[in-house]
Amino acid sequence: MKLYINGRFLTQKQTGIPRFAYQMCLAMHQLGVNFEVLAPKNILSSYDCPFKVTVCGALKGHLWEQISLPLYLKKFSDALLISFSGLGPIFKKKHIATIHDIAFMVNKKWFSVPYRILYGCLTPILVRHCSKILTVSQFSKNEIVKYLHVDPAKIEVVYNAVSSELSATSSIDSVDERFTQPYLLAVSSIDPRKNFKMLVDAFLSSGISTHKLYIIGGKATSFGEVGLDMSNSGQVEFLGFVDDALLKQAYKNASLFVYPSLYEGFGIPPIEAMSAGCPVLVSDIDVFHEVNEDAAWYCNPNDKESIIAQIQFILSSENRPLVEQKIKLGKQQSQKYDWQHSANQLKNILKKLVV
């Protein structure tokens with residue numbers, strides 16, 4: 001059996017889902033797993049790939065994934081494909097697909113019409129034909145069973161982790177001037193379910209004048225409207241997409257990381273912030289209790305006053321001893337998530353899988 005990886009992620013910026021795909025490939029390569037990544041021709045130069053990458057097909061994007069990729073694989077009768085990025089060739093049978101979450105089914109308004117039609121049509125077909133489904137939390141597994149009516153035995157949970165470039169052990173050569181003054185930090189795509197409008201409203205209503213709020217991340221056409229003025233004000237700045245070196249600085253120097261998301265399959269940024277020694281405030285939703293346990297503070301994401309109260313509590317100097325305890329717990333919690341461990345899980349799944 002020859003193992004191939006769907007390399008469409010190499011054409012996308014290394015944010016949440018592409019980061020999962022890339023880090024899983026790196027970890028599998030380090031474990032000595034023999035595989036080949038198949039990719040479209042528009043690979044981003046920012047990816048450093050020590051594993052084998054083969055460019056195939058003339059198409060790009062979803063068309064490459066649904067047409068070029070399966071056509072190329074027809075040449076190999078024993079080919080097993082792994083897709084890490086949320087979709088994959090929907091009629092490919094020897095296929096391990098990954099579904100990170102089913103947010104597009106939970107609330108259609110969070111996404112653009114083309115996105116929710118595409119994923120709404122293709123995902124049910126994908127889960128029927130693939131050999132196995134990977135997902136990133138027990139919560140997400142339960143949601144897939146509930147909404148897509150999949151046999152739980154077909155789904156395996158393989159957690160996300162913290163990339164070595166962002167871990168507490170990696171060094172920082174210099175600090176960007178923006179990260180030398182007190183600030184709160186939020187990191188994610190500018191997506192309605194990330195609840196940034198509520199966060200900005202809460203922050204500006206909090207009366208906190210000693211800190212700024214930095215929001216790192218970009219807006220994609222796949223998302224619905226966030227109803228948020230993204231022009232920088234005196235206290236709130238949108239920094240857009242930044243590279244890992246700047247992201248590490250942002251995490252390490254923040255007074256508080258805030259993630260008031262309404263829905264997630266896992267949520268990588270909070271554990272990245274914990275790894276860098278930053279206190280973390282997240283939404284009081286099931287998946288965050290699963291992933292972060294007692295290492296984070298929790299707030300009601302639909303209640304501005306709840307967010308304000310928690311921010312003020314964490315920033316208060318008299319509560320600093322409690323904050324230091326949480327920071328210590330956070331570092332310990334982030335260490336539970338390791339790409340090598342996740343890759344080992346997948347390696348064991350591959351050993352047991354008969355396709």
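Residues numbered from 1 in each chain as written. Predicted model: local features only at pLDDT ≥ 70, side-chain atom pairs only at ≥ 80, totals over all residues. Heavy atoms only, no water.

### Points about the packing of aromatic side chains
Counted by the stated rule, this structure contains 22 aromatic pairs. Residues Y115 and Y119 carry aromatic rings whose centres are separated by 4.2 Å and whose planes lie at 20° to one another, so their mutual orientation is stacked. Of this pair, Y115 and Y119 both sit in helix α4 (residues 113-129), four residues apart, roughly one helical turn. Residue classification places Y115 among the partly exposed positions, given a relative accessible area of 22%. (Phe/Tyr/Trp six-rings, centres within 6.5 Å; stacked < 30°, edge-to-face > 60°. Helix = DSSP H or I, 4+ residues; strand = E, 2+ residues; numbered from the N terminus. Buried < 20%, exposed > 50% of the residue type's maximum accessible area, 1.4 Å probe, protein only.)

### Quick notes on helix α6 (residues 196-205)
By the burial criterion, the buried members of α6 are F196, L199, V200, A202 and F203. Taken down its axis, α6 places every buried residue within 165° of arc, on the same side. Looking at the buried residues of α6, the elements they touch are β8 (183-187), β9 (212-216), β10 (236-240), β11 (256-259) and α10 (304-315). At the C-terminal side of α6, G207 shows a positive phi close to 80°. (Arc of directions from axis to C-beta. Contact = heavy atoms within 4.5 Å.)

### Let's talk about the sheet that holds strand β7 (residues 155-157)
Hydrogen bonding along the main chain pairs the strands of a sheet, whether they run parallel or antiparallel. On the basis of which strands lie adjacent, the open sheet formed by seven strands has the order β3-β2-β1-β4-β5-β6-β7 and parallel pairing. Taken across any chain shown, the strands that pair with only one partner, and hence form the sheet edges, are β3 (53-55) and β7. Each strand of the sheet is rotated relative to its neighbour by a mean of 25°, with strand direction disregarded. Pairing of strand β2 (residues 36-39) with β3 involves three bridges; the strand directions are parallel. (Pairing = 2+ DSSP bridges. Axes fitted to C-alpha atoms, helices over the stretch in contact; angles between N-to-C directions.)

### Some remarks on the nonpolar core
By size, the foremost hydrophobic cluster in this structure holds 87 residues, and its most contacted members are M28, F84 and L185. No other element matches helix α1 (residues 16-30), which puts eight residues into this core. Excluding residues that lie within four positions of it along the chain, F84 makes contacts with I5, I17, F20, A21, M24, C25, M28, T98, H100, L134 and L346. Judged by nonpolar contacts, the second largest core, of 24 residues, contains L184, A186, A202 and I215. (Core = buried A, V, L, I, M, F, W, Y, C linked by side-chain atoms within 4.5 Å.)

### Concerning α10
Taking 1.5 Å per residue, 12 residues should reach 16 Å; α10 reaches 17 Å between its end C-alpha atoms and fits that length. Along α10, the residues classified as buried are S306, I307, I308, Q310, I311 and I314. If you follow the buried residues of α10, they end up packed against β8, α6, β11, β12 (280-283), β13 (297-299) and α11 (320-334). At the N-terminal boundary of α10, the capping side chain belongs to D303, with an oxygen 3.0 Å from the backbone nitrogen of E305. (Expected span 1.5 Å × (residues − 1). Polar contact = N/O pair within 3.5 Å; in protein donor to acceptor, adjacent residues only side chain to side chain.)

### Focus on the pairing of β9
When you tally the buried positions in β9, you get four out of five residues, the bulk of the element. Where β8 meets β9, five bridges bridge the pair, whose relative direction is parallel. Bridge pairing in β9 places L184 opposite L213. As for the winding sense of the linkage, the β-α-β connection from β8 through α6 to β9 is right-handed. (Right-handed = clockwise from strand over helix to strand, strands pointing away.)

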